[in-house]
Amino acid sequence: MGLYLPTRAMNVLGVGDPSGASGGLAPNAFPNLQAWHAADYGTFTDTLLATPTTLNGDVVGSWYNKAATAWHPIQATEARKPTWRTNVVNGLPIMRFDGSNDRLAFPSAAFGMLNNIGGFTVYAVSASAASHAGYIFFGSENSGSARSTLQYATTSRIATFDRRLDGVGGQTLSGTNNEAPNATFKVFSTVVDYTNSDAFLYVNGALSTTSTSFLTDGSTSATNSTVINYGATGSGATPLNGDIAEILVYNVAHTAAATRSAIHSYLGAKYGITVS
């Protein structure tokens, strides 16, 4: 396994790119990567990827997607923009969401990423500012209700809510109390295998909780989402009060331990977090 060697945070595209070329195994070495966002690369104050963040506390209007899909989430309303904070975790910057109304929205071109899939996986290096319910990743079904999520839950837990078919009640899988303590960065991940009705939550690479009868077997509905966001729902409900350093979204279930281990190791090495 290669070791990630951090590069200096520089948000000009093409400079300071933490792609793993320095020796690590990059997330795009694995197929079906839909979104890859890191706060040390490609954060901009405007919605056009034109004006890079340079100062601690700069607002973020767009976040460059390093995945080949090139779907860049944006926020045009000034009061809803998260802020870019420097030197927060292992010398690297993070994206800070205020727990009120901050969120970044993917363009409509991305709304098919959860359409008719047999599973999905989200990895996030994140820290909660307080015990609360708040979305790290929110992907809707066709009515705007949640389809696939990674989120914080009360009593300092991590959770996922998922729905296989539009209009059919979904299910929540929650981790254990106090596994997401305030202001502590961890590598959180959820793997949802719709095909086999399995769901898994991991904290720093270790299994937190699982369900082998999570939902009925099959794929998600063959409909597009109407909202895919970081930080809240489409209406701004259940906002994230905390930080995201890096997030990866795959529209396939990472059921292979070797795949999860490689990505957990990449993120752990980069952010100075011990993973198993």
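Residues numbered from 1 in each chain as written. Predicted model: local features only at pLDDT ≥ 70, side-chain atom pairs only at ≥ 80, totals over all residues. Heavy atoms only, no water.

S.K.: Tell me about the side chain of E246, and name the residues and values.
M.R.: If you trace the backbone, E246 turns up in strand 16 (residues 241-250). Looking at E246, the relative accessible area reads 0%, which means it is buried. At 2.6 Å, the side chain of E246 forms a polar contact with the side chain of K270. With sequence-adjacent residues up to four places away left out, E246 is seen in contact with W36, H37, A38, Y123, A124, V125, Y266, L267, K270 and Y271. (Helix = DSSP H or I, 4+ residues; strand = E, 2+ residues; numbered from the N terminus. Buried < 20%, exposed > 50% of the residue type's maximum accessible area, 1.4 Å probe, protein only. Polar contact = N/O pair within 3.5 Å; in protein donor to acceptor, adjacent residues only side chain to side chain. Contact = heavy atoms within 4.5 Å.)

S.K.: Give a description of the sheet that holds strand 9 (residues 146-153) that names residues and reports values.
M.R.: Strand pairing in a sheet is mediated by backbone hydrogen bonds. Such pairs are either parallel or antiparallel. The strand order across the open sheet formed by 6 strands is 6-15-8-9-10-11, and the pairing between neighbours is antiparallel. Looking at strand neighbours, the two that pair on one side only are strand 6 (104-105) and strand 11 (171-174), the edges of this open sheet. Where strand 6 meets strand 15 (residues 228-230), 2 bridges bridge the pair, whose relative direction is antiparallel. In the sheet register, L104 faces strand 15, and the bridge partner there is Y230. (Pairing = 2+ DSSP bridges.)

S.K.: A description of the packing of aromatic side chains should follow, citing residues and the corresponding values.
M.R.: Within the structure shown, the criterion is met by 9 aromatic pairs. Ring geometry for F120 against Y194: centres 6.4 Å apart, planes inclined by 20 degrees, an arrangement best described as stacked. Of the two residues, F120 is situated in strand 7 (residues 119-128) and Y194 in the loop between strand 12 (186-193) and strand 13 (198-203); the sequence distance between them amounts to 74 residues. Its relative accessible area of 0% is what places F120 among the buried residues. (Phe/Tyr/Trp six-rings, centres within 6.5 Å; stacked < 30°, edge-to-face > 60°.)

S.K.: Go over the environment of W63, please, and point to the residues and values.
M.R.: Along the chain, W63 falls in strand 3 (residues 62-63). The class for W63 is buried, based on a relative accessible area of 0%. Each C-alpha atom, one on W63 and one on F106, is 9.8 Å from the other, the two residues being 43 residues apart in sequence.

S.K.: So, the pattern of salt bridges: which residues are in play, and what are the values?
M.R.: Throughout the structure, instances matching the rule amount to 5 salt bridges. K81 is paired through a salt bridge with E78; the nearest N and O atoms lie 3.1 Å apart. On the basis of relative accessibility, which here comes to 8%, the residue K81 falls in the buried class. A salt bridge links R147 to D166, with the shortest nitrogen-to-oxygen separation between them at 2.8 Å. Separated by 19 residues along the polypeptide, R147 in strand 9 and D166 in the loop between strand 10 (157-162) and strand 11 bring together distant segments of the chain. The same class applies to R147 as to D166, namely buried. (Salt bridge = Lys/Arg side-chain N within 4 Å of Asp/Glu carboxyl O.)

S.K.: Any chance you could break down the nonpolar core for me, citing the residues and the numbers?
M.R.: Of all hydrophobic cores here, the largest spans 39 residues; its most connected members are I136, F137, L150 and Y230. Contributing elements (two or more residues each) for this core: strand 5 (92-98), strand 7, strand 8 (134-140), strand 9, strand 12, strand 13, strand 15 and strand 16. Sequence-distant contacts of F137, defined by excluding residues within four places in its chain, comprise F120, V122, S148, T149, L150, I228, N229, Y230, I247 and V249. Among the nonpolar cores identified, the runner-up in size contains 23 residues, and A67, A127, A262 and Y271 belong to it. (Core = buried A, V, L, I, M, F, W, Y, C linked by side-chain atoms within 4.5 Å.)

S.K.: So what's going on with unusual backbone geometry? Which residues, and what values?
M.R.: A positive phi is found at N32, a non-glycine position, where the angle reads about 70 degrees. For N32, the location among the structural elements is in the segment before strand 1 (33-38). Within the chain, T238 stands out as a residue other than glycine whose phi angle is a positive 50 degrees. On the basis of relative accessibility, which here comes to 28%, the residue T238 falls in the partly exposed class.

S.K.: A description of the pairing of strand 1 should follow, citing residues and the corresponding values.
M.R.: Here strand 1 lies mainly inside the structure; 6 of its 6 residues are buried. With 5 bridges connecting them, strand 1 and strand 16 associate as antiparallel partners. Bridging from a neighbouring strand, A38 pairs with E246 of strand 16.

S.K.: Go over the environment of A76, please, and point to the residues and values.
M.R.: As for its position among the elements, A76 is in the loop between strand 3 and strand 4 (83-89). With near-sequence residues (within four places) excluded, A76 lies in contact with T47 and K81.

S.K.: Summarise helix 1 (residues 257-271); cite the residues concerned and give the values.
M.R.: In a regular helix each residue adds 1.5 Å, so 15 residues correspond to 21 Å; helix 1 covers 21 Å between its end C-alpha atoms and thus fits that length. Of all the residues in helix 1, the buried ones are T259, R260, A262, I263, H264, Y266, L267, G268, K270 and Y271. The positive-phi residue at the C-terminal boundary of helix 1 is G272, with phi of around 70 degrees. (Expected span 1.5 Å × (residues − 1).)

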